[in-house]
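# Summary of structural features
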Amino acid sequence: MVKRTPVLRAPGTAGPAPRSRTRRALVLGASAVLALTGVTGLSSPASAASSLDEAAAAKGRYFGTAVAANRLSEGDYVSTLNNEFNSATAENEMKWDAIQGSRGSFNFAAGDRVVNHARNQGMQVRGHTLVWHSQLPGWVGNLGAGELRSEMRNHINRVMGHYRGKIAAWDVVNEAFQDGSSGARRNSPFQSKLGNGYIEEAFRMAREADPNTKLCYNDYNTDGINAKSNAVYAMVRDFKARGVPIDCVGFQSHFNSASPVPGDYQANLQRFADLGVEVQITELDIEGSGSSQATSYANVVKACLAVSRCTGITVWGVTDKYSWRSGGTPLLFDGNYNKKPAYHSVLSALGGSGGDDGGGGGGGACTVSYSKAEEWGDRFNGRVTVRAGSSAISGWRTTVTVTSPQKISATWNGTPSWDGSGNVMTMRGGQLAAGASTTFGFTVMTNGNTSPPSIGTCTTS
Ligand code: XIL
């Protein structure tokens, strides 16, 4: 069920996605707990955001991640996704081979799972990708020029039509230029059969297919000023001069020791922005660990924030364990969903609090994260994951506050007690090893109110 309708923006406009409802509930929950327990003398928690999406939103940006549909059944994956991100890109599910593996037969099921999850959480969605040489089924390469052109139009029409109104920006063409010093086009069925004009054709087809979404060109190794980015720059400048529809340029930003964050990253983003397009960091990951990885991540965030038309950052996955480059541990959460130093440096570069209230592992004694689970008829299940920080704990407690006339009708995996109103449940549990987690659950009778519960902070005992 769609709980909220995300605000989508017209081409060329910028701004953050609406905040995640879950995240807002957690923040409100923390203040509610302070009020309820009469704690005084703490500095105000109000100003600094404590999640990536909220911190980015305060800067007028979105903060997104690649999402894999088949991970959406994993509780920690979902709670980290919901709590920290407000934009989603399907990691593979909207590519040509996933949607139209055989000619004329369209399968949107996996893409829909990503889009529906994101929209239910109030996240915006980036569409990835329409025309790309890779993850392209063999049948496309076997077509002659005339058929290829009409199949490209058909694919763009069908896919953009299916997702019309739900996608903030589409990667219309992906990776069309070669690496190296030539600045040449990459060889592909599109390039070899349709010639240099195919990119322009694809963008014109895309604008016709959905005039209300942003159209991006996306590539890698274009993050600094070099021959490849110069070639993309020349194309975008030409498109703008001739009125070929293009709204944004995506910089994938896959970095490692052989290909570090370039020193002229910000200058490169700026020169594209100066052409009158939005720039977006679309697939960020940086191999490494510890403080050097954290510093590189912070530098990327600072570069985006320094360019007013840099409207958002997407990291290429939630957790190291599912990264396409998992051996390089390139993401913000480790394989146990602990926040890495890179997480804290990103949050702090975004102006957030650097606090540790969600994913665990940042040194706090224990942390909680909430996700909504099953929903049926007049009730839904909530799930809270409690995680010990870097030391073992002998016990924990947190609160779950529902809004009257909601009532909690059942609980599991914890020991509940209730305040006088019956709206605030304190849940207690036993020992946890360092970094270990447990999950408790409860059923909320909505009595007509479907708002999510507020979860208090985690306290050890
Ligand atoms: C990658 C996915 O992460 C992998 O799961 C898949 O096997 C290959 O593609 N550039 C892109 C992305 O535009 O679509 C790629 O994603 C990474 C490089």
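Residues numbered from 1 in each chain as written. Predicted model: local features only at pLDDT ≥ 70, side-chain atom pairs only at ≥ 80, totals over all residues. Heavy atoms only, no water.

Summarising burial for strand β4 (residues 169–174): six of the six residues are buried, a large majority. Here strand β3 (residues 124–132) pairs with β4 via five bridges, running parallel. Residue pairing for β4: V131 is matched across the bridge by V173. Bridge count between β4 and strand β5 (residues 214–219): five bridges; the pairing is parallel. Pairing of N174 across the sheet is with N218, part of β5. (Buried < 20%, exposed > 50% of the residue type's maximum accessible area, 1.4 Å probe, protein only. Helix = DSSP H or I, 4+ residues; strand = E, 2+ residues; numbered from the N terminus. Pairing = 2+ DSSP bridges.)

One pass over the full model with this rule turns up 16 aromatic pairs. Consider the rings of F190 and Y198, whose centres lie 5.8 Å apart with planes at 20 degrees: the pair is stacked. For F190, a relative accessible area of 1% puts it in the buried group. Residue class for Y198 comes out buried when judged on its relative accessible area of 3%. Counting every residue linked through ring pairs, the aromatic cluster contains W96, W139, F190 and Y198. In this structure, K228 is placed above the aromatic ring of Y220, and the distance from its NZ or CZ to the ring centre is 3.7 Å. (Phe/Tyr/Trp six-rings, centres within 6.5 Å; stacked < 30°, edge-to-face > 60°. Lys NZ or Arg CZ within 6 Å of the ring centre and 35° of its normal.)

Now for the environment of L143. Mapped onto the elements of the fold, L143 is located in the loop between α6 (138–141) and α7 (145–162). In this structure the C-alpha to C-alpha distance between L143 and K193, which are 50 residues apart in sequence, comes to 8.8 Å. In this structure L143 touches R103, L148, E151 and K193, once residues within four positions along its chain are discounted. (Contact = heavy atoms within 4.5 Å.)

The first and last C-alpha atoms of helix α9 (residues 198–209) sit 16 Å apart over twelve residues, in line with the 16 Å expected at 1.5 Å per residue. Burial within α9 is extensive, with nine of its twelve residues counted as buried. Among the residues of α9, those classed as buried are Y198, I199, E200, E201, A202, F203, M205, A206 and A209. (Expected span 1.5 Å × (residues − 1).)

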